[in-house]
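# An overview of the molecular structure
Listed below, chain by chain, are the residues.
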Amino acid sequence: MGMPNRATSDEKFPTEETTMVLSRRIVDGEEEDVVVSDSFSEALELNSSDQSGTMTRYLIPHSTAELVEEIIDRWDIHPVLADDLRHAKQRPKIERYDGVLFMVLKNAFYLDDEEEVDFSEFHILVKGDAVIIICQGKRLIDGARIPEDRNELNRLFEESDWVHAEDKDLLALGTDTLVYRLIDTTVDGYFRVLDGLQEDKDQIESQVFSGDAAAAERIYRVSQEVIDVVHATMSLKRISETLTDNAADDLVDDSLKPYLGDLDDHLTRVVAEATELRNTLTQILDVNSALIAQRQNEDMKKISGWAAIIFAPTLIGAIYGMNFEKMPELKWTYGYPLALILMVVVAALLYAAFRIKKWM
């Protein structure tokens, strides 16, 4: 058996197409050192063991066609599942083919400056005592960016809290514990995303009531992100329901059932909060539209009022500007100042009337 590949201090991935598999065995609840391999076959060989209580999780930070085809070949993957593995951009789901559990997860990370939710897709394969995590994006399951430096990636993989201290007793149950922890880590990320979106919602409310014209565009933009979160979490909820049904059918060990119930409760909260946030943004948009219409109505009142005020002296001037011969006022000594006074008085009366009606 060959020695495991270890990363040097300055080693980086030349391109995203670099084939690399990180693996880590869990023996009797204790995690061993990370092993770096150049192929899936090599990783299987380095981690082969007949020892009981041993599980291995494999991380493929950059999915490549070469690695996917190697996994399909080594695990004799069902053709339908193989087709799914070759394609990304799928919704979260869980399926089982010939003893292989296939799961698609999408974690979420909120980019506050851009006000965007960054989704990363993962393909999870479970067979026997092995779990394969294939990253389809640029982030790990806990939301951390996949670094170019191999040493940094090793450190993240070693320090990841996907397996908690309290899980060590549960690890005796097999890979179900790892599957539960992967989903739970994904769900935790959605709570942080909702916190960021909730903060944006509070800022939007202030914008709306301050009369900021940019509020409507921001509402639409944030609403679209919330809708994406709702769709993703609804799909995750179906995965949780499937696992809960398996627990009800005694397909899952009794010790793990309370954890799956807690996971389903968390997802129910996420879905409820995301749906409530979407409804709230819809209501804010309605309020913003009503406030805009109200401001426009106020503006029209002012425009109409000033038009009436200007029209009155214009009418008086137009009448006396017609120059008919039989207009006695034109011959009066005080005709001109009287016309000016009349214009001012009428304009002042109209202005006072509009002020009383709060049109001005």
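Relevant structure appears above.
Because the structure is predicted, anything quoted here is derived from the model rather than measured.

## A look at the overall build of the protein
A tally of helices and strands in the protein yields eight helices and eight strands. Going through the 360 residues of the protein one by one, you find that 45% of them count as buried. Once local pairs closer than 6 in sequence are excluded, the contacts in the protein between residues at least 24 apart make up 65%. With the model as given, the accessible surface of the protein reaches about 19,200 Å², and the carbon-plus-sulfur share is 53%.

## A closer look at the environment of T54
Tracing the chain through its elements places T54 in strand β4 (residues 54-60). When its relative accessible area of 7% is taken as the criterion, T54 is described as buried. Distance from T54 to I26, taken between C-alpha atoms, is 5.6 Å for residues 28 residues apart in sequence. Excluding residues that lie within four positions of it along the chain, T54 makes contacts with R25, I26, V27, S49 and D129.

## Digging into the pairing of strand β7 (residues 116-127)
Where strand β6 (residues 100-111) lies against β7, 11 bridges are found, and the strand directions are antiparallel. Bridge pairing links N107 to S120 in β7. The loop that links β6 with its antiparallel partner β7 comprises four residues; one of these, E115, has a positive phi angle of about 55°. Pairing analysis gives six bridges linking β7 to strand β8 (residues 130-135), with the strands arranged antiparallel. Its bridge partner lying in β8, V126 is registered against V131.

So, how was this worked out
Residues numbered from 1 in each chain as written. Predicted model: local features only at pLDDT ≥ 70, side-chain atom pairs only at ≥ 80, totals over all residues. Heavy atoms only, no water. Helix = DSSP H or I, 4+ residues; strand = E, 2+ residues; numbered from the N terminus. Buried < 20%, exposed > 50% of the residue type's maximum accessible area, 1.4 Å probe, protein only. Contact = heavy atoms within 4.5 Å. Areas by Shrake-Rupley, 256 points an atom, 1.4 Å probe, with all protein chains shown as cover. Pairing = 2+ DSSP bridges.

Geometry only, nothing functional implied.
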